[in-house]
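Structure at a glance
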Amino acid sequence: MRGALYVRSDAVNSVEMWQDYWNHTAVLDREFSLAATYGFNMLQAYLHWIVWDHDRGDYLRKIDDFLTRASKHGLKVNFIFWDDCGHV
């Protein structure tokens, strides 16, 4: 496997990446294409509980779209569920 931890280049963190997902799908396609071009075949992405807590139904649609877009570029995805480092 050759991959990287992925956060969209125009998002400050994984929460923002998922909250404003639909407005930035062109960025995802461009970055997934670049990842495949440079020999990556795996991406790892954080799924944060804050986004899940806010809008579960749309979050599931975003995750499905993310997986579909990655697959089109020959990329597999490993999700890290409900990361909340620093949450007390």
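Refer to the structure printed above.
Throughout what follows, the structure given in this document is the object of discussion.

Another point: the pairing of strand E2 (residues 42-47). Pairing between strand E1 (residues 3-5) and E2: three bridges, direction parallel. In the strand pairing of E2, Ala4 is matched with Leu43. As defined by bridge partners, E2 adjoins strand E3 (residues 76-81) across six bridges and the pair is classed as parallel. Across the sheet, residue Leu47 finds its bridge partner in E3, namely Phe81.

Pairs of packed helices are described in terms of their axes, by the angle between the two and the distance that separates them. With their axes 9 Å apart at the nearest point, helix H2 (residues 25-37) and helix H4 (residues 56-72) run at an angle of 35 degrees to one another. The two elements H2 and H4 cross, and the hand of that crossing is right-handed. Here H2 contributes Thr25, Leu28, Asp29 and Phe32 to the contact with H4, which in turn contributes Asp65, Phe66, Arg69 and Ala70. Split into classes, the residues belonging to the contact of H2 with H4 amount to four nonpolar, one polar and three charged.

Turning to the sheet that holds E2, a few remarks are in order. Ordered in space as E1-E2-E3, the three strands form an open sheet in which the pairing is parallel. In this open sheet, the two strands that pair with only one neighbour each are E1 and E3. Sheet twist, expressed as the average angle between the axes of neighbouring strands with direction ignored, equals 20 degrees. Against the sheet, H4 contacts E2 and E3, and its axis sits at roughly 150 degrees relative to E3.

End to end, H4 covers 25 Å across 17 residues, agreeing with the expected 24 Å (1.5 Å per residue, within 8%). Those residues of H4 that fall on the buried side of the exposure criterion are Asp58, Tyr59, Lys62, Ile63, Asp65, Phe66, Arg69 and Ala70. Angularly, the buried residues of H4 cover 165 degrees about the axis, an arc narrow enough to put them on a single face. Projecting away from the buried face of H4 at angles above 90 degrees are the exposed residues Arg61 and Lys72. Once H4 ends, the next one or two residues include Gly74, with phi positive near 75 degrees.

The rules behind these values
Residues numbered from 1 in each chain as written. Predicted model: local features only at pLDDT ≥ 70, side-chain atom pairs only at ≥ 80, totals over all residues. Heavy atoms only, no water. Pairing = 2+ DSSP bridges. Helix = DSSP H or I, 4+ residues; strand = E, 2+ residues; numbered from the N terminus. Axes fitted to C-alpha atoms, helices over the stretch in contact; angles between N-to-C directions. Left-handed = near helix turned anticlockwise from the far one by under 90°. Contact = heavy atoms within 4.5 Å. Nonpolar A, V, L, I, M, F, W, Y, C, P; charged D, E, K, R; others polar. Expected span 1.5 Å × (residues − 1). Buried < 20%, exposed > 50% of the residue type's maximum accessible area, 1.4 Å probe, protein only. Arc of directions from axis to C-beta.

Interpretation in functional terms is not warranted from these geometric data alone.
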